[in-house]
Amino acid sequence: IYKILNEIFIKNDLKNCLTDITGLNYSIDYFTAYETFPIDEIDRSKGWYANKLHRDKPFSNNTIKLIIPLEDIDEDNGPMKIADIELSKKISLGSHQNENFYNFSGKNRDVFVFKPNLCFHVAGIPFEGKTRKQIMVQLNPSKAWKYNKKIDEFQKIREPKFPFFSYFFEKKELL
């Protein structure tokens, strides 16, 4: 994992790019790679994965998530859909009407960034016979760029809901 994080954040200069855009440094606290499969029509109303419109409420306003496709993703792969902050405000007030969400469609190794606490989002459902493979990285504001030394252990558990408390006592390593 550390090799992958180094390639994503250092080699590709994403660390500096994110700091330039947000004015913040981050701790890389959660990393997972996964494959999303189709859901039978009868089960689509159930929350199998993040396939319901939601925001990640317990996160800070400055937490960001990166989504990195591990393959080219198009509409057939059920891309994630995200509402920008303005549309998310309308959704909160119940006043949106079939407005367009941004589709996280893209090429292998593109990087999509969003604020999961502020932007409503939903995991798309792949068409039958298709899947979606991607990496998700959770970044939390920090005094310096670092990563959680136990990050490889966290990918075996469900993403923690209160990152500030969940990672507070964990050892960090400068990136």
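Residues numbered from 1 in each chain as written. Predicted model: local features only at pLDDT ≥ 70, side-chain atom pairs only at ≥ 80, totals over all residues. Heavy atoms only, no water.

Colleague: Just to check I follow, could you spell out the packing of helix α1 (residues 2-11) against helix α2 (residues 14-22) for this structure?
Modeller: Where α1 meets α2, the axes come as close as 5 Å, and the angle between the chain directions of the two elements is 50 degrees. Of the possible angle classes, the one that applies to α1 and α2 is oblique. Seen from α1, the contacting residues are I8, F9 and I10; seen from α2, they are L14, K15 and L18. Here the contact of α1 with α2 is built from residues that sort into five nonpolar, no polar and one charged. (Axes fitted to C-alpha atoms, helices over the stretch in contact; angles between N-to-C directions. Helix = DSSP H or I, 4+ residues; strand = E, 2+ residues; numbered from the N terminus. Parallel < 35°, antiparallel > 145°, perpendicular 65-115°, else oblique. Contact = heavy atoms within 4.5 Å. Nonpolar A, V, L, I, M, F, W, Y, C, P; charged D, E, K, R; others polar.)

Colleague: In this structure, what is going on with the environment of I28? I would like to understand it.
Modeller: Counting through the fold element by element, I28 comes out in strand β1 (residues 25-36). Assessed through its relative accessible area of 0%, I28 is described here as buried. Measuring from C-alpha to C-alpha, the distance between I28 and L139 comes to 4.7 Å, with 111 residues separating the pair along the chain. (Buried < 20%, exposed > 50% of the residue type's maximum accessible area, 1.4 Å probe, protein only.)

Colleague: What should I look at first to understand the sheet that holds strand β3 (residues 81-82) in this one?
Modeller: Sheets are built from strands that pair by backbone hydrogen bonding, the pairs being arranged parallel or antiparallel. With antiparallel pairing, three strands are arranged side by side in an open sheet as β4-β3-β6. Every interior strand has two partners, whereas the edge strands, β4 (102-103) and β6 (121-122), have only one. In this structure, β3 lies alongside β6, joined through two bridges in antiparallel fashion. Paired with K81 across the strands is V122, a residue of β6. (Pairing = 2+ DSSP bridges.)

Colleague: Would you explain helix α3 (residues 85-92) in this entry?
Modeller: A turn of α-helix holds 3.6 residues, and therefore any two residues three or four places apart point the same way. Of the positions making up α3, those classed as buried are L87, S88 and I91. One side of α3 holds all its buried residues, which, seen down the axis, span an arc of 105 degrees. Where α3 starts, the residue carrying a side-chain oxygen 3.2 Å from the main-chain nitrogen of E86 turns out to be D84. Of the residues flanking the end of α3, it is G94, one or two places downstream, whose phi is positive at about 70 degrees. (Arc of directions from axis to C-beta. Polar contact = N/O pair within 3.5 Å; in protein donor to acceptor, adjacent residues only side chain to side chain.)

Colleague: What should I look at first to understand the pairing of strand β2 (residues 64-69) in this one?
Modeller: Remember that side chains alternate between the two faces of the sheet whenever the strand is regular. In terms of burial, β2 is a largely internal element, six of the six residues being buried. Bridge analysis of β2 against strand β7 (residues 132-142) gives six bridges, and the strand direction is antiparallel. Directly across from I67, in β7, lies its bridge partner M136. As paired strands, β2 and strand β5 (residues 112-114) are joined by three bridges and run antiparallel to one another. Across the sheet, the residue bridging to I67 is F112, located in β5.

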